[in-house]
Amino acid sequence: MGKVYLVGAGPGAPDLLTLRAARLLGEADIVFYDALVHPDTLKLATKARLVDVGKRNGKASTEQRFTNRALVEAAKSHAVVVRLKGGDPMIFGRAQEELDALAAAGIECDVVPGITAAHAASASLGVSLTRRGLSRNVAFVTPRAGEGQSPVEWLAVASAADTIALYMASTQAHAVATDLIAAGRTPDTPAVFIENASLPSERRVVTTLQALRSGPTPSFEGPAILLVGEVFRELSLSVMEHEAELRLAVTERCQAKSA
Ligand code: SAH
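Residues numbered from 1 in each chain as written. Predicted model: local features only at pLDDT ≥ 70, side-chain atom pairs only at ≥ 80, totals over all residues. Heavy atoms only, no water.

K.L.:
Looking at this structure, how should I read unusual backbone geometry?
P.N.:
Most of the time, phi is negative for any residue but glycine, and the peptide bond is trans. At Arg94, a residue that is not glycine, the phi angle is positive and equals roughly 55°. Relative to the elements of secondary structure, Arg94 occurs in the loop between strand 4 (80–85) and helix 4 (95–104). Arg94 sits in the partly exposed class, given a relative accessible area of 28%. (Helix = DSSP H or I, 4+ residues; strand = E, 2+ residues; numbered from the N terminus. Buried < 20%, exposed > 50% of the residue type's maximum accessible area, 1.4 Å probe, protein only.)

Here's what the structure looks like:
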């Protein structure tokens, strides 16, 4: 019987991988990887068979059952099996289902942590998720409901938290903002989307709950995380200032032209 490692691949940038993860990839005989794993990270698995088990937007649980079974089967014929997951395996990664399936089959398993999207996003923005006098807690939540869960369960925790990191929330931003305001958050609470955090294609949209409630929902091609809270106020003010400067510059240019 081989051993299975649930390994965090980090948020995207291949050099945000732990040394342990890199070593295990080099030793792996087979690697089951997610949709969000960077190709350069996969290149570290020099002798492994690579199996794509990627699913975007949390598709059917039958796929999860397939992955669970595939890991168990792989451990029967491979010494080192790596299950490579985006970010940290233990944050919205269905890791527990895989751990339970492996334990039930009597297969040894270890978890290697990775950098989760919220941490990569906060690093890119240069804004601490906690801050003396402003934020003493961070909630990692998703508005996406799993089987048998009520869709509003996330709200109680999120609305009470100082800083909120919302995973898998970008398509539901309008509903999220509406619910958070209804639960008592001030409408001008800053909200920041970060798409492809840590990658060269990273993009950010700095906004407010109010704007998300009343305006169009920004659309993203890559994975995006939504961060909400007062810690982002300065960022949001500097963006507004910058926009005001741009508007002024455009107005001045128009006036100069017409003069
Ligand atoms: N285990 C992962 C999360 C998987 S859920 C982790 O710890 O990061 C998938 C969600 O994670 C996406 O919908 C998005 O909200 C977020 N995400 C993952 N990678 C991201 C990235 N590079 N930039 C922004 N958000 C990301």
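K.L.:
Help me understand the environment of Glu195 in this model?
P.N.:
On the secondary structure map, Glu195 appears in strand 8 (residues 190–195). When the C-alpha positions of Glu195 and Ala123 are compared, they lie 13 Å apart, and in sequence the two are 72 residues distant. Those residues in contact with Glu195, other than ones at most four positions away along the chain, are Ser201, Glu202, Arg203, Phe220, Glu221, Gly222, Pro223 and Ala224. Side-chain polar atoms of Glu195 contact the backbone nitrogen of Gly222, separated by 2.8 Å. (Contact = heavy atoms within 4.5 Å. Polar contact = N/O pair within 3.5 Å; in protein donor to acceptor, adjacent residues only side chain to side chain.)

K.L.:
Where do I start with the sheet that holds strand 5 (residues 109–112) in this structure?
P.N.:
Note: strands within a sheet are paired through backbone hydrogen bonds, in either parallel or antiparallel orientation. Pairing is parallel across the open sheet formed by 5 strands, whose spatial order is 3-2-4-1-5. Two strands close off the open sheet at either side, each with one partner strand: strand 3 (49–52) and strand 5. Taken pair by pair, the neighbouring strands of this sheet meet at an average axis angle of 20°, ignoring direction. Relative to strand 5, strand 1 (residues 3–8) runs parallel, the two sharing 4 bridges. Each bridged residue has a counterpart across the sheet, and for Val7 the counterpart in strand 5 is Val112. Against the sheet, helix 1 (residues 19–27) contacts strand 1, strand 2 (30–33), strand 4 and strand 5, and its axis sits at roughly 130° relative to strand 4. (Pairing = 2+ DSSP bridges. Axes fitted to C-alpha atoms, helices over the stretch in contact; angles between N-to-C directions.)

K.L.:
Whenever I open this one, the packing of aromatic side chains confuses me. Can you help?
P.N.:
Aromatic ring pairs are reported here in terms of the distance separating the ring centres and the angle at which the planes meet. Summed over all chains, the structure comprises 3 aromatic pairs. Ring centres of Phe92 and Tyr167 lie 5.1 Å apart, and the angle between their planes is 55°; on these two criteria the pair is classed as tilted. Of the two residues, Phe92 sits in the loop between strand 4 and helix 4 while Tyr167 sits in the loop between strand 7 (163–166) and helix 7 (173–182), which places them 75 residues apart along the sequence. Given a relative accessible area of 37%, Phe92 falls into the partly exposed group. Taken together, a centroid distance of 4.9 Å and an interplanar angle of 45° make the contact between Phe193 and Phe220 tilted. Note that Phe193 is positioned in strand 8 and Phe220 in the loop between helix 8 (209–214) and strand 10 (224–228), a separation of 27 residues in sequence. (Phe/Tyr/Trp six-rings, centres within 6.5 Å; stacked < 30°, edge-to-face > 60°.)

K.L.:
Got a minute to help me understand the domain arrangement of the protein chain in this structure?
P.N.:
It is common to report an interface's size as the accessible area lost on association of the parts. Here the protein chain is described as being made up of domain 1 (3–112) and domain 2 (117–240). A separation of 28 Å is found between the C-alpha centroids of domain 1 and domain 2. Between domain 1 and domain 2 the total buried area reaches about 930 Å² when both faces are included, carbon and sulfur atoms providing 69% of it. Across the contact surface, domain 1 and domain 2 share 0 salt bridges. Taken together, the residues of the side of domain 1 that touches domain 2 sort by class into 6 nonpolar, 4 polar and 1 charged. (Domains from an automatic or database assignment. Buried area = accessible area lost by both parts, 1.4 Å probe. Salt bridge = Lys/Arg side-chain N within 4 Å of Asp/Glu carboxyl O. Nonpolar A, V, L, I, M, F, W, Y, C, P; charged D, E, K, R; others polar.)

K.L.:
It is not clear to me how the environment of Gly93 should be interpreted in this structure. Could you clarify?
P.N.:
In this fold, Gly93 is placed in the loop between strand 4 and helix 4. A relative accessible area of 18% means that Gly93 is categorised as buried. Residues Gly93 and Val205, spaced 112 residues apart in sequence, show a C-alpha to C-alpha distance of 25 Å.

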